[in-house]
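# Structure assessment
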Amino acid sequence: MGNRAGGRRTGPKCIAIVGPFASGKSTLLEAILARTGAIPRQNPIESGNTVSDYSSEARAHAMSVEATFATTEFMGESITFVDCPGSIEFAFETEPVLAACDLAVVVAEADEKKIPALQLIMRKLDDFGVPRVLFLNKIEKTEAGVRDTLKLLQPTSSTPLLLRQIPMRKGDVIVGSIDLALERAYIYREHAESEIAEIPGDEKAREIEARFSMLETLADHDDQLMEQLLEEIEPPRDAVFDDLSADLRQGAITPVLIGSAEKSNGVLRLLKTIRHDAPDVEATRTRLGVPSNGQTVVQVMKTIHTAHGGKLSVGRILSGTVADGAELFLPGGATAKVSGLYRLFGRDQTKLASAAAGDTVALGKLDDVRTGQTLTSAKAGLAPLVAFEPLQPVFAFSVRPKERKDDVRMSAAVQRLSEEDPSLSVRHQQDSSETVVSGHGEMHLRVTVERLEGKNQIPVESRPPAVPYRETIRKSVQQRGRHKKQSGGHGQFGDVVLDIKPLPRGAGFEFSDTITGGVVPKTYIQSVETGVRDFLKSGPLGFPVVDIAVNLSDGSYHSVDSSDMAFQMAAKLAMKEGMSACSPVLLEPIMKVEIFTPSDATARITGIVPQRRGQILGYNPRPGWPGWDVVEATMPQAEIGNLIIELRSATAGVANYRATFDHMAELTGRLADDAMNANGKAA
Ligand SMILES: Nc1nc2c(ncn2[C@@H]2O[C@H](COP(=O)(O)OP(=O)(O)OP(=O)(O)O)[C@@H](O)[C@H]2O)c(=O)[nH]1
Ligand SMILES: [Mg+2]
């Protein structure tokens, strides 16, 4: 025992603050910054005046929508805290931060409803191999016992939740905490350092019991400690601290601290734990497999386009140094010249001349650099250190500027936004000539639209994207089309007989001819096909026509008056008349959907599916996700547009889905009328 930890790590640290939505992460950052003297006082979230949540979007929705970076000093050492949004819709902000931070502070609370959300973030920490401590927040209003709460939370964690502190109560009120490693009591004082006290006599028995259980967990990784516990020998205090450090850094345990971010209780103890036990960039380098050849390596955590139009890439310097003006290289060798180097404090930037391994800084004007990329000083570039799993979009808006003159500006602004937020996908839908922006939830898209309007001053209209309906026919018909005009000089003549018949679903369009004896010359057969294809762009119901075969079986021509145009016209005439006799019918896209949900909400989800004209194909345990199910179903695309909103509200915000096109199906009745009416209005 002892010395496994190899002492305190003194380098600059980067600490991610993560956890379920509204657990108090931004409040904790504020408390930390006040406690370290970086801001004069802690402002409540509701004041709209905190270091985090500065954007108007976030304020309006009372939630964080992006990661906030703030570098502060604690007892002479630099720590950058990154307050990450809790909502799953903004998980894309958190992942690149987790990739390159040293430690995560998981802010949790005694709330059963938020357990699935906690489970999601814990899994992410496992994926990225990030060591963590858990800060059990809102302790002043927690009625449940801390140990009962941990029993509730333990299944979310792949490592033992090791209770490091227990609360001290006076009646129903929590008045302080007892640190089980230091064996000291701390009497809480609001927004001030706690008062150190002896452990009160009536708390001693609880303390001994809780301490023993902490030591037992530590003994799982320390044989000497195990022996001492068995022989009832009091282990040396330093050895216990060493174990706490080592086990935390190795990711073997998740120490649990308690407190109240709002009242700034327990914040100093958290900072001290970070100071003593957190790994620094050296461990993070090892975790990420950064080559140890002295080259500079920077992992990009976020991209910001500032109000003044400057682009900032926030990066963790994993090794080497970066000076303003330095040249860095992307994987593949493209150059990126640093123009401006800054320390970040929320929205504020302080200019730096240079920064070194461990620092988290903003690098100016790296045009081609994207969030999540790895930069290096080596000319050949470095293979990306982290592979981010692409996230499936689950919600989309179609956007267009209110004024036509903003068309070009909007395209550019959407482009910039998708650079800041790589999880947005933007596509131009030809059918409806819409710009469709897809992302990870309604709030995500609303924030995007607000940014377009706010930051970029472009008033836009947003609405659900059009569903790509199609139409087809149910009956066959033979139809003649004659186009004949005799208006002075050159006349126009084309005459065709078309056999129109339906094809099986998914067959598309087929054109053929059975012309014999040259009654329609070859070049005009081509014209007929062109005319037919042109007509099929918008059939009698107003949608592109599919699954149809057209055969040119007869016709006639005129040696002078016939022309390409005349035969196209004749074909269109035949189609126009023929099609309406073929019982046209609307087709809607049906998607195959996999819905991922905590098992206790599965019944609710299987109830939602049929209400959206969906058909359950089955549900099974989600592979590799204990406590989760995957529900498979088919559902019309029209019903999926806002499905995520209902799924999320049925699962305290954590459900997700993946949809892929499956087939087209006939749509009749009122829903078909609605679709046609909406299409008529849009056209
Ligand atoms: N009672 C109590 N309330 C708290 C505490 N910390 C935060 N809150 C409240 O919890 C709410 C959410 O706080 P935030 O700090 O915005 O939470 P967050 O985790 O940053 O939220 P998101 O970023 O949106 O996920 C606010 O109303 C806070 O005032 C606490 O220690 N005790
Ligand atoms: Mg927040």
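Up top you'll find the structure we're talking about.
Just so you know, these numbers come straight off a predicted model, no measurement behind them.

## Topic: the overall build of the protein
Tallying secondary structure elements over the protein gives 18 helices and 34 strands in all. When the backbone C-alpha atoms are referred to their principal axes, the protein occupies close to 110 × 55 × 45 Å. The proportion of buried residues among the 683 residues of the protein is 54%. Once local pairs closer than 6 in sequence are excluded, the contacts in the protein between residues at least 24 apart make up 74%. Just so you have it, the protein exposes about 29,700 Å², and 50% of that area is on carbon and sulfur atoms. Of the charged side chains in the protein, 77 are positive and 89 negative; the average position of the first set lies 5 Å away from that of the second.

## Observations regarding the coordination of the magnesium ion (ligand 2)
For the magnesium ion (ligand 2), the protein coordination sphere consists of Ser 26 (OG) and Ser 64 (OG), at 2.0 to 2.1 Å. Of the two residues, Ser 26 sits in helix α1 (residues 25-35) while Ser 64 sits in the loop between α2 (56-61) and β2 (68-74), which places them 38 residues apart along the sequence. Note on Ser 26: relative accessible area 8%, which makes it buried. A relative accessible area of 11% places Ser 64 in the buried class.

## Observations regarding the pattern of salt bridges
With the rule as written, the count across this model stands at 41 salt bridges. Residue Asp 179 pairs with Arg 269 through a salt bridge whose shortest N-O separation is 3.8 Å. Here Arg 269 lies in helix α9 (residues 267-277) and Asp 179 lies in strand β8 (residues 173-179), a separation of 90 residues in the sequence. Here Asp 179 and Arg 269 have matching classes, each one buried.

## Some words on the side chain of Thr 651
Relative to the elements of secondary structure, Thr 651 occurs in the loop between α17 (643-650) and β34 (656-667). We classify Thr 651 as buried; its relative accessible area is 5%.

## Thoughts on unusual backbone geometry
A positive phi angle is found at Met 75, which is not glycine, with a value near 45°. With respect to the helices and strands, Met 75 occurs in the loop between β2 and β3 (77-83). Even without glycine at this site, Glu 183 takes up a positive phi of about 55°. With respect to the element layout, Glu 183 can be found in the loop between β8 and β9 (184-189). According to the relative accessible area criterion, Glu 183 is partly exposed, its value standing at 24%.

## Examining the sheet that holds strand β30 (residues 548-556)
Read from one edge of the open sheet, 4 strands run β27-β28-β30-β29, paired in mixed fashion. Of all strands in the sheet, those with a lone pairing partner are β27 (477-485) and β29 (509-513), marking the two edges. Strand-to-strand twist of the sheet, defined as the mean angle between neighbouring strand axes without regard to direction, takes the value 25°. As paired elements, strand β28 (residues 492-502) and β30 share 8 bridges and run antiparallel to each other.

## Comments concerning the environment of Ser 649
Tracing the sequence through the fold places Ser 649 in helix α17. The exposure class of Ser 649 is exposed, given its relative accessible area of 62%. C-alpha separation for the pair Ser 649 and Arg 613, spaced 36 residues apart in sequence, amounts to 19 Å.

## Comments concerning the packing of aromatic side chains
Scanning all chains against the criterion turns up 6 aromatic pairs. Judged by centre distance (6.1 Å) and plane angle (55°), the ring pair of Phe 90 and Phe 92 falls under tilted. The class for Phe 92 is buried, based on a relative accessible area of 10%. Geometrically, the ring pair formed by Trp 625 and Trp 628 is edge-to-face, given 5.0 Å between the ring centres and 65° between the ring planes. With respect to burial, Trp 625 and Trp 628 carry one shared label: buried. One residue, Arg 123, lies across the ring of Trp 625, its end atom 3.5 Å from the ring centre.

## Regarding the packing of helix α15 (residues 602-611) against α17
As a packed pair, α15 and α17 sit with axes 10 Å apart at the nearest point and diverge in direction by 155°. Overall, the two elements α15 and α17 adopt an arrangement that is roughly antiparallel. By crossing handedness, the relation of α15 to α17 is classed as right-handed. On α17, the residues touching Arg 604, Ile 605, Ile 608 and Gln 611 of α15 are Leu 643, Glu 646, Leu 647 and Ala 650.

## Quick look at the site of ligand 1
Contacts to ligand 1 come from 19 residues, most closely from Lys 25, Ser 26, Thr 27, Glu 46 and Glu 140. A distance of 3.1 Å separates an oxygen atom of ligand 1 from a polar backbone atom of Gly 86. Here an oxygen atom of ligand 1 and a side-chain polar atom of Asn 137 are 3.0 Å apart. Protein contact buries 89% of the 650 Å² of open area that ligand 1 shows by itself.

## Some words on the side chain of Asp 222
Among the secondary structure elements, Asp 222 is positioned in the loop between α6 (204-219) and α7 (223-230). Looking at Asp 222, its side chain comes within polar contact range of the main-chain nitrogen of Gln 224, at 3.1 Å.

Cut-offs and rules
Residues numbered from 1 in each chain as written. Chains lettered and ligands numbered in written order. Predicted model: local features only at pLDDT ≥ 70, side-chain atom pairs only at ≥ 80, totals over all residues. Heavy atoms only, no water. Helix = DSSP H or I, 4+ residues; strand = E, 2+ residues; numbered from the N terminus. Buried < 20%, exposed > 50% of the residue type's maximum accessible area, 1.4 Å probe, protein only. Contact = heavy atoms within 4.5 Å. Areas by Shrake-Rupley, 256 points an atom, 1.4 Å probe, with all protein chains shown as cover. Lys, Arg positive; Asp, Glu negative; His and termini not counted. Charge placed at Lys NZ, Arg CZ, Asp CG, Glu CD. Donors = N, O, S within 2.8 Å, 3.2 Å for Na, K, Ca; no water. Salt bridge = Lys/Arg side-chain N within 4 Å of Asp/Glu carboxyl O. Pairing = 2+ DSSP bridges. Axes fitted to C-alpha atoms, helices over the stretch in contact; angles between N-to-C directions. Phe/Tyr/Trp six-rings, centres within 6.5 Å; stacked < 30°, edge-to-face > 60°. Lys NZ or Arg CZ within 6 Å of the ring centre and 35° of its normal. Parallel < 35°, antiparallel > 145°, perpendicular 65-115°, else oblique. Left-handed = near helix turned anticlockwise from the far one by under 90°. Near = heavy atom within 4 Å. Polar contact = N/O pair within 3.5 Å; in protein donor to acceptor, adjacent residues only side chain to side chain.

Nothing here speaks to function; it is geometry throughout.
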